[in-house]
Amino acid sequence: MRNVLIVLSGPSGVGKGTIAKLLTKDDNISLSISCTTRSPRDGEVHGREYFFIKKEEFKSKIEKDGFLEYSEHFDNFYGTPKDFVLNSLKEKDVLLEIDVNGGLKVKENYSDAVLIMLLPPSREEIKNRLIKRNTESIEKINSRMERIDYELSKQSLYDYAVINDDLNVALNEIRKIIELEKNKV
Ligand code: ADP
Ligand code: 5GP
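Residues numbered from 1 in each chain as written. Chains lettered and ligands numbered in written order. Predicted model: local features only at pLDDT ≥ 70, side-chain atom pairs only at ≥ 80, totals over all residues. Heavy atoms only, no water.

1. Let's talk about the site of ligand 2
Near ligand 2 lie 17 residues; those nearest to it are S34, R38, Y50, Y78 and D99. The contact in question runs from an oxygen atom of ligand 2 to an N or O atom on the side chain of R41, over 2.8 Å. Between Y78 and ligand 2, the recorded distance is 2.6 Å, taken from a side-chain N or O atom to an oxygen atom. Compared with its free state, where it exposes 510 Å², ligand 2 has 95% of that area covered by protein. Elements with a contribution of two residues or more to the shell around ligand 2: β5 (67-73) and β6 (76-81). Its residues assigned to classes, the shell around ligand 2 shows four nonpolar, six polar and seven charged. (Near = heavy atom within 4 Å. Polar contact = N/O pair within 3.5 Å; in protein donor to acceptor, adjacent residues only side chain to side chain. Areas by Shrake-Rupley, 256 points an atom, 1.4 Å probe, with all protein chains shown as cover. Helix = DSSP H or I, 4+ residues; strand = E, 2+ residues; numbered from the N terminus. Nonpolar A, V, L, I, M, F, W, Y, C, P; charged D, E, K, R; others polar.)

Here is the structure:
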């Protein structure tokens, strides 16, 4: 069985973080920790959710070709550290929780990557989840909502789409996809 690089994308609030945490807790998968220039939210820890770094440090890492991909959202940079991912893949499956542009760039550089898009049951539900999560102001939530249509418009370029309505159903569907991909030659 091969080790696979799995990319999990989808609109903000759809449940990527929740699913990524469960997969990396119970399954033998490592979660890549991205670098970001945004500030930590309450409860987020440097080196656990993200490496929170300054813009200058991020730019210097870009110049040194240190990212498998990076992009800018909501006025901040986010990037996938190249060394971590390629080294981890030698040992086990690796999961990237990144936006659609990042996912498509990863596929360009690493064609074996498996792209999974997580879909919301509805627009209303995604807004409810962001409000319930209570980590952003209503202005920030509205700006994240505006990006939903863009993210969803890239669905056909992804290998799989999974609806996150019931969490356990979505989780099992993703586990089946990973199993199938690991067994491909
Ligand atoms: P993302 O990482 O995609 O921005 P999160 O994983 O932070 O999204 O999920 C957003 C909110 O929705 C969280 O409060 C989470 O607990 C909740 N959530 C995730 N999946 C489901 C689900 N299937 N049903 C209901 N709520 C969910
Ligand atoms: P958040 O600020 O909610 O943690 O993340 C905002 C967006 O950045 C989400 O869509 C998330 O998937 C994306 N993101 C997180 N890490 C990376 C990364 O390394 N690269 C890219 N391209 N996007 C990322």
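2. Digging into the confidence of the model for the protein chain
Atom-level detail of predicted coordinates should not be read off regions where pLDDT is low. Taken as a whole, the protein chain shows an average pLDDT of 92; of its residues, 100% reach a score of 70 or greater. The spread of mean pLDDT over the elements of the protein chain runs between helix α6 (residues 138-146), the lowest at 85, and strand β9 (residues 160-163), the highest at 98. (pLDDT = per-residue confidence, 0-100.)

3. Here we look at the nonpolar core
By size, the foremost hydrophobic cluster in this structure holds 23 residues, and its most contacted members are I19, L23, I116 and I174. Secondary structure elements with two or more residues in this core: β1 (5-9), α1 (16-26), β8 (114-119), α5 (123-133), α6 and α8 (167-182). If you tally residues by element for this core, the top one is α8, at five residues. In this structure, I116 is in contact with I6, V7, L8, S9, Y158, Y160, V162, I174 and I177, ignoring residues within four places of it in sequence. Grouped together as the second largest cluster of nonpolar side chains are 16 residues, L5, V94, V100 and A113 included. (Core = buried A, V, L, I, M, F, W, Y, C linked by side-chain atoms within 4.5 Å. Buried < 20%, exposed > 50% of the residue type's maximum accessible area, 1.4 Å probe, protein only. Contact = heavy atoms within 4.5 Å.)

4. Quick word on the site of ligand 1
Around ligand 1, a shell composed of 14 residues is seen, among which G13, G17, T18, R133 and D165 lie nearest. G17 is positioned with one of its backbone polar atoms (N or O) 2.8 Å from an oxygen atom of ligand 1. Here a nitrogen atom of ligand 1 sits 3.5 Å away from a polar atom, N or O, in the main chain of L167. Elements represented by at least two residues in the shell around ligand 1 include exactly α1 and α5. No other element matches α1, which puts three residues into the shell around ligand 1. Its residues assigned to classes, the shell around ligand 1 shows three nonpolar, six polar and five charged.

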